[in-house]
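Residue-level structure breakdown
One-letter residues, chain by chain:
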Amino acid sequence: MLQQPATRHRAMTGMGNTTVLKGIGTALPPHELAQSDVLDQARALLAPKYPFFEKLVPAFENAGVDKRYSVMPLDWFAEDHGWADRGAAYMTGAKAMFIAAATDALQAAGISADQVDTIVTVSSTGIATPTLEAQAHAEMGFRRDVRRVPVFGLGCAGGVSGLSIARRLAAADPGSTVLMVAVEACSLSFRSDRLQKADVIATVLFGDGAAAAVIGAGSGAAGEVTLHEGHEHLFPDTLPIMGWDVDETGLGVIFDRSIPGFVTDEFRPAIASMLQEAQLDLSQIDRFVCHPGGTKVVEAIEATMDLPAGALDAERATLRDYGNMSAPTALFVLKRVLAAGQTGKLALCALGPGFTAAMMPLTVPP
């Protein structure tokens, strides 16, 4: 006899129309990689093939990355791997990180998995069908009628854009609870078969991780972070700046050398335009919370936004401790900023393939 589906959860009692961040969680894979060890391994694998490698060694030393975490141990990258190996590593590693980050966020929110009405899953570094929230469904204990919204291709902007999607879904269905999980296994894109500088820079910066957020109705009172409508700004004629090359071996990173200069020229006008859409201006923002794509990008943001040098301290600390994890990274920074006691108007910002800027205003009461 077929079981009846579970009743969709609603948490309407005493709640207003404000959409709030109820909990935030993060997770890392098991293998910690020191930057010095990554350099040694990269030198052993790449220097014999690429005469330019030694000229790029200072990038490892000046990247602002002390360590990062990987779904696979360092020696795994010494062997050649195709789509099947990379896909299997992604499926195992990303699922584990999804479960860990989602569990952390749900515990922070004080709710259980069967109270989640919608799951937004953001990932661009692997392919899983059924998608990760389905892979984790039984172990997490999600209901059978939970709504699934998998999102692919947002890259480094995925954490901010994914949070914006989740916020819209929660606001459109008052009383519902939305779980957003951003999961990336960037390390699996390592390539020893391509003669491109971008692949070395990716090796310098990339790490793996996951972040999750629980979003629902609240009052916006003390202790509740209000999420306002998110915005995006796509720059025309910029498709080649960032993304993936797809071939028989796997995904190959596209990083244009113009990115820091592009940030210097274009980031401030884009953020100002999006804030204007939100009926805000730059002077009203107490803290910009930014995705740290790399040290040069962080420096470019500080310069173009007229911030004091070193103002983006949480961004630098996140980059130092975890590397660039793509989509989850901005939420790692946000978690650190909130833990430090930051209040006021915040603007969560990131740049990603498109080329696109994503921004979400937040209000953190004292």
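Here's a quick rundown of the structure. (Residues numbered from 1 in each chain as written. Predicted model: local features only at pLDDT ≥ 70, side-chain atom pairs only at ≥ 80, totals over all residues. Heavy atoms only, no water.)

A separate point is the environment of Arg-68. Tracing the chain through its elements places Arg-68 in strand E3 (residues 67-70). Linking Arg-68 and Leu-21, residues 47 residues apart in sequence, is a C-alpha distance of 27 Å. From its side chain, Arg-68 meets the backbone oxygen of Phe-206 in a polar contact 2.8 Å long. (Helix = DSSP H or I, 4+ residues; strand = E, 2+ residues; numbered from the N terminus. Polar contact = N/O pair within 3.5 Å; in protein donor to acceptor, adjacent residues only side chain to side chain.)

Further remarks concern the packing of helix H10 (residues 313-322) against helix H11 (residues 329-339). For any two helices packed against each other, the geometry comes down to the angle between their axes and how far apart the axes lie. Packing of H10 against H11 brings their axes to within 9 Å, and their N-to-C directions diverge by 125 degrees. Relative to H11, the element H10 lies oblique. In the packing of H10 onto H11, the handedness of the crossing is right-handed. Contacts between H10 and H11 involve Ala-314, Glu-315, Ala-317, Thr-318, Asp-321 and Tyr-322 from the first element and Thr-329, Phe-332, Val-333, Arg-336 and Val-337 from the second. In the contact of H10 with H11, the residues fall into 6 nonpolar, 2 polar and 3 charged. (Axes fitted to C-alpha atoms, helices over the stretch in contact; angles between N-to-C directions. Parallel < 35°, antiparallel > 145°, perpendicular 65-115°, else oblique. Left-handed = near helix turned anticlockwise from the far one by under 90°. Contact = heavy atoms within 4.5 Å. Nonpolar A, V, L, I, M, F, W, Y, C, P; charged D, E, K, R; others polar.)

Further remarks concern the layout of surface pockets. In this structure, the largest pocket occupies an estimated 880 Å³ of space. At the level of secondary structure, the elements contributing two or more residues to the lining of the largest pocket comprise helix H2 (57-62), helix H7 (197-205), strand E10 (242-246), strand E11 (251-255), helix H8 (259-277), helix H9 (295-304) and strand E13 (344-352). Residue contributions to the lining of the largest pocket peak at 5 residues, all from H7. Looking at the lining of the largest pocket residue by residue, the classes come out as 24 nonpolar, 7 polar and 7 charged. (1 Å grid on protein atoms, 1.4 Å probe; cavity = no way out; pocket = protein on both sides within 12 Å on 5 of 7 lines; lining within 4 Å. Points joined across faces, edges and corners; volume = space filled by probe spheres on them.)

A word on the packing of H8 against H9. Two elements in contact, H8 and H9, have axes whose closest approach is 9 Å; the angle formed by their N-to-C orientations is 25 degrees. Relative to H9, the element H8 lies roughly parallel. Considering how the two elements wind past one another, H8 and H9 form a crossing that is right-handed. Note on element contacts: H9 touches H8 through Lys-296, Val-297, Ala-300, Ile-301 and Thr-304, opposite Ile-259, Pro-260, Val-263, Thr-264, Phe-267 and Arg-268. When the residues that make up the contact of H8 with H9 are grouped by side-chain class, the tally is 7 nonpolar, 2 polar and 2 charged.

Turning to the pairing of strand E6 (residues 178-185), a few remarks are in order. Extensive coverage of E6 is indicated by the burial of 8 of its 8 residues. Here E6 shows a buried face lined by Val-178, Met-180, Ala-182 and Glu-184 and a second buried face lined by Leu-179, Val-181, Val-183 and Ala-185. The sheet contact formed by strand E4 (residues 118-122) and E6 spans 5 bridges and is parallel. Residue pairing for E6: Val-122 is matched across the bridge by Ala-182. Pairing of E6 with strand E7 (residues 208-218) involves 8 bridges; the strand directions are antiparallel. Bridge pairing in E7 links Val-181 to Ala-212. (Buried < 20%, exposed > 50% of the residue type's maximum accessible area, 1.4 Å probe, protein only. Pairing = 2+ DSSP bridges.)

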